[in-house]
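Tertiary structure, described
Given next are the chains, with one letter for each unit.
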2 protein chains.
Amino acid sequence: MSARVLCRLFVSARLAKDASVLADAGQARYLGSVLRARPADRVCLFNGQDGDWLADIVHLDRQRVELRALSCLRPQPDTGIPDVWLLFAPVKKDGTDMIVQKATELGASVLWPVLTSRTNSQRVNVERLRATAIEAAEQCERSTVPDMRMPERLEPLLAGWEHTRTLYVADETGRGDPVATVLAREASGPAAFLTGPEGGFDPRETELLHQAPFVRPVSLGPRILRAETAAMASLTCWQAINGDWSHPLIRPY
Amino acid sequence: MSARVLCRLFVSARLAKDASVLADAGQARYLGSVLRARPADRVCLFNGQDGDWLADIVHLDRQRVELRALSCLRPQPDTGIPDVWLLFAPVKKDGTDMIVQKATELGASVLWPVLTSRTNSQRVNVERLRATAIEAAEQCERSTVPDMRMPERLEPLLAGWEHTRTLYVADETGRGDPVATVLAREASGPAAFLTGPEGGFDPRETELLHQAPFVRPVSLGPRILRAETAAMASLTCWQAINGDWSHPLIRPY
């Protein structure tokens, strides 16, 4: 028997003292084959609503792992995750995976693939991206997992946009003001970032974006950033200036 | 004959009108086998000193590509790259490659692997990392390539540190102030960031860092960032607040 916490797992079940929780097939494989877990080993569970819970393994075989919640390690934060979305044109597989993983670490609340005229990968495997986001949330100690939306084309997405949410667009044409200047100016309110595909937005899309009253083009400096770098840099700037990196830290544990 | 510029290549030769330049073996392979270049095709060359030059292919076979500089596309920027270094504890191969690639895009002038007590990969292939940095510089239109240093252990590195350069350390212990606050306070002067290995610095290293008068711990928010995310986020914040993202953009081309 060991008091060591093997890993942190996202579950859909509600968590409370003595709640019984079944791991899904992937988690059962991970616990059994990768971590070589045994009955009585301990893990940390979270579900995005009830905080982090210490749990022990009650039963474990190849198909099925049953866990039991023991005690709350930290309550669900009152404030939740900051209200910032990332809309991104999918790029190559590795780049898109990186966008999803890093945006989860960087605290995006919504991840939304956007299909543009230069988007190569029209087929986006949302289930795989959701799994990537969950794994990143488990590892970075996020209290929630991001809401992974279904891909949508840019034009209808802009047409249906809720105007109270500012949409910052990483702009390669040099028309945007420096990102820190724009963010400091727009300090509060719901925010979203949009990053383009390899090769950028086409001229019609660029015009459409510039005409939208809720769009703020921002400049990410003189070098040409890859799509995934632009996504990470955008969220980083927002968190540092307006998000949950901008006030002194109180560590939950 | 085509006027299309096939790619941008870093070369060590000086560049001037009609200068003859030999591509190295890797570049020759890339031009011949990947891009299927032919004589008279055009490329862009830079060497970190003489600006970007349009060049054409004078001769091309499997072993040898000879290029000729035709005209200057943009002069070398007067100001150069901002004076910010990234010191990083190497992580797994992919993570280290990502740190080097992204730090190059994000404009680090010096890249310096630091060996810590929890650094797994004591053997760092500096030549491979240098090649990764050059490739990233070619693609992001940097006017220089970063100076890739030889790995050094943390303790002697701190002992020999030039005190006029502020060393910002991504601090997981919660002792640092928010990164944007610290950077706004320390607005000018040479800067460096240090990111730790997987598992973080050991307690002795943490103490050593906290005692150094040139060290400023910074907080990167409430989530636990992977080493490569911390490296990217640090450089992003510096560029946005104090670096070359902080003033309006004048595109070189």
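It should be emphasised that the depicted structure is a prediction, and the values quoted were computed from it without experimental measurement.

Assigned secondary structure in chain A consists of seven helices and 13 strands. With the principal axes as the frame, chain A shows a C-alpha extent of 60 × 40 × 30 Å. Classification of the 253 residues of chain A by burial places 55% in the buried group. Partitioning the contacts of chain A with sequence separation of at least 6, the portion at a separation of at least 24 is 75%. Accessible surface, chain A: about 11400 Å² in total, of which carbon and sulfur atoms supply 51%.

This part takes up the environment of A:Arg153. Assignment of secondary structure puts A:Arg153 in strand E9 (residues 152-153). Linking A:Arg153 and A:Ser117, residues 36 residues apart in sequence, is a C-alpha distance of 8.8 Å.

So, about the interface of chain A and chain B. Facing the 40 residues of chain A at the interface are 41 residues of chain B. Taking both sides of the interface into account, the surface hidden between chain A and chain B amounts to around 3700 Å²; carbon and sulfur atoms contribute 57%. At the boundary of chain A with chain B, the tally comes to six salt bridges. B:Asp244 is paired through a salt bridge with A:Arg223; the nearest N and O atoms lie 2.9 Å apart. There are 18 residue pairs in polar contact (both at pLDDT 80 or more) connecting chain A and chain B. Only helix H2 (93-105), helix H3 (126-140), helix H5 (179-185) and helix H7 (227-241) of chain A provide two or more residues apiece to the side of chain A that touches chain B. Along the lines of polarity and charge, the residues of the side of chain A that touches chain B split into 18 nonpolar, 12 polar and 10 charged.

What counts and how
- Residues numbered from 1 in each chain as written.
- Chains lettered and ligands numbered in written order.
- Predicted model: local features only at pLDDT ≥ 70, side-chain atom pairs only at ≥ 80, totals over all residues.
- Heavy atoms only, no water.
- Helix = DSSP H or I, 4+ residues; strand = E, 2+ residues; numbered from the N terminus.
- Buried < 20%, exposed > 50% of the residue type's maximum accessible area, 1.4 Å probe, protein only.
- Contact = heavy atoms within 4.5 Å.
- Areas by Shrake-Rupley, 256 points an atom, 1.4 Å probe, with all protein chains shown as cover.
- Buried area = accessible area lost by both parts, 1.4 Å probe.
- Salt bridge = Lys/Arg side-chain N within 4 Å of Asp/Glu carboxyl O.
- Polar contact = N/O pair within 3.5 Å; in protein donor to acceptor, adjacent residues only side chain to side chain.
- Nonpolar A, V, L, I, M, F, W, Y, C, P; charged D, E, K, R; others polar.

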